[in-house]
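Below are the chains, spelled out letter by letter.
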Amino acid sequence: MAEYTQELGDISNIPKNINIAFITAEFNKDYTSKMESLSEELLEKNHFRNITKYYTPGAFEIPGMIERVIEKWSFDLIYCFGVVIRWATTHYDYVCTETARGIMNTTQKYKTPIIFWILTCENKKQVLERINENLAISGLNLLSSSLKI
């Protein structure tokens with residue numbers, strides 16, 4: 001895998017009391033909990049502490065939870081954590097495609113910054129290679145940029 005790193009930009013324009021949601025799939029929990037922890041650590045290190053956590057059975061259910069959360073409460077930034085690993089059936093293709101489509105549709109409908117941290121990998125080795133704080137950084141950078149528009 002190519003080494004990709006992202007630097008945390010100037011986030012001084014983001015109020016520290018913003019509301020952040022984590023929506024985490026429990027399927028492949030060993031991985032999704034690590035993704036969630038890395039993001040939470042980065043956010044707390046930068047003084048963002050208003051984090052509310054929601055859980056779904058798997059990645060496929062994340063878009064529905066996003067919509068429900070947005071309609072019921074006000075969040076400034078949403079992180080989605082899920083891991084889908086290809087096995088022997090086409091189930092992988094349906095889950096990946098529809099999860100991505102659902103999250104994109106929700107992003108466009110509600111104009112809320114949503115970080116798509118749904119890992120879609122061929123094997124466990126690829127999953128482990130991709131779990132780092134880059135996407136946690138992406139969330140803050142995205143929000144900072146959107147506040148400037």
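Every chain's residues receive numbers from 1 upward, in the order its sequence appears when written. The model is predicted, so local features are restricted to residues of pLDDT at least 70 and side-chain atom pairs to those at 80 or more, both for listing and for counting; the totals for chains, interfaces and linings are taken over all residues. Working from all heavy atoms in the structure, the side-chain values ignore hydrogens and water.

(A) Fine view of the sheet that holds strand β2 (residues 51-56). In this scheme, strands are said to pair when DSSP sees at least two bridges between them. Numbered from the N terminus, helices here are DSSP runs of H or I no shorter than four residues, and strands are runs of E no shorter than two. With respect to topology, 4 strands assemble into an open sheet ordered β2-β1-β3-β4, the strand pairing being parallel. The strands lining the two open edges of the sheet, one partner per strand, are β2 and β4 (114-121). With direction set aside, neighbouring strand axes in the sheet form an average angle of 15°. Across 5 bridges, the pairing between strand β1 (residues 20-25) and strand β3 (residues 77-85) is parallel. Paired with I20 across the strands is L77, a residue of β3. Contacts between residues were defined by any pair of non-hydrogen atoms, one from each residue, lying within 4.5 Å. Axis lines are fitted through C-alpha atoms, for helices just across the contact stretch, and the angle between N-to-C directions can take any value from 0 to 180 degrees. Packed on one face of the sheet, helix α3 (residues 91-110) meets β3 and β4 and runs near 170° to β4. Against the sheet, helix α5 (residues 134-148) touches β3 and β4, its axis set at about 150° to β4.

(B) Examining the pattern of salt bridges more closely. Should a side-chain nitrogen of Lys or Arg be within 4 Å of a carboxyl oxygen of Asp or Glu, the pair is scored as a salt bridge. Scanning the model with the defined rule gives 8 salt bridges in all. A salt bridge links K53 to E36; the shortest N-O distance between them is 3.9 Å. In this pair, K53 is assigned in strand β2 and E36 in helix α1 (residues 29-45), connecting sequence segments 17 residues apart. Burial here depends on accessible area, computed with a 1.4 Å probe over protein chains only, as a share of the maximum for the residue type. Under 20% is buried, over 50% is exposed, and the range in between is partly exposed. Judged by relative accessible area, which is 31%, K53 ranks as partly exposed. Here R86 and E122 are joined by a salt bridge, their closest N and O atoms 2.9 Å apart. Pair noted here: R86 is in the loop between β3 and α3 and E122 is in the loop between β4 and α4 (124-130), with a separation of 36 residues, a long-range link. Classification of R86 by relative accessible area gives partly exposed; the value is 28%. The structure contains a network of salt bridges with shared partners spanning E36, E40 and K53.

(C) Here's a closer look at the packing of aromatic side chains. Note on aromatic pairs: the rings of Phe, Tyr and Trp (six-membered ring only in Trp) are paired at centre separations within 6.5 Å, and the planes decide the class, stacked below 30 degrees, edge-to-face beyond 60, tilted for the rest. Summed over all chains, the structure comprises 6 aromatic pairs. The interplanar angle of 90° and the centroid separation of 6.2 Å between the aromatic rings of Y54 and F75 together place this pair among those described as edge-to-face. Highlighted residues: Y54 in strand β2 and F75 in the loop between α2 (62-72) and β3, separated in sequence by 21 residues. A residue is classified by how much of its surface remains accessible, and F75, at 12% relative accessible area, is buried.

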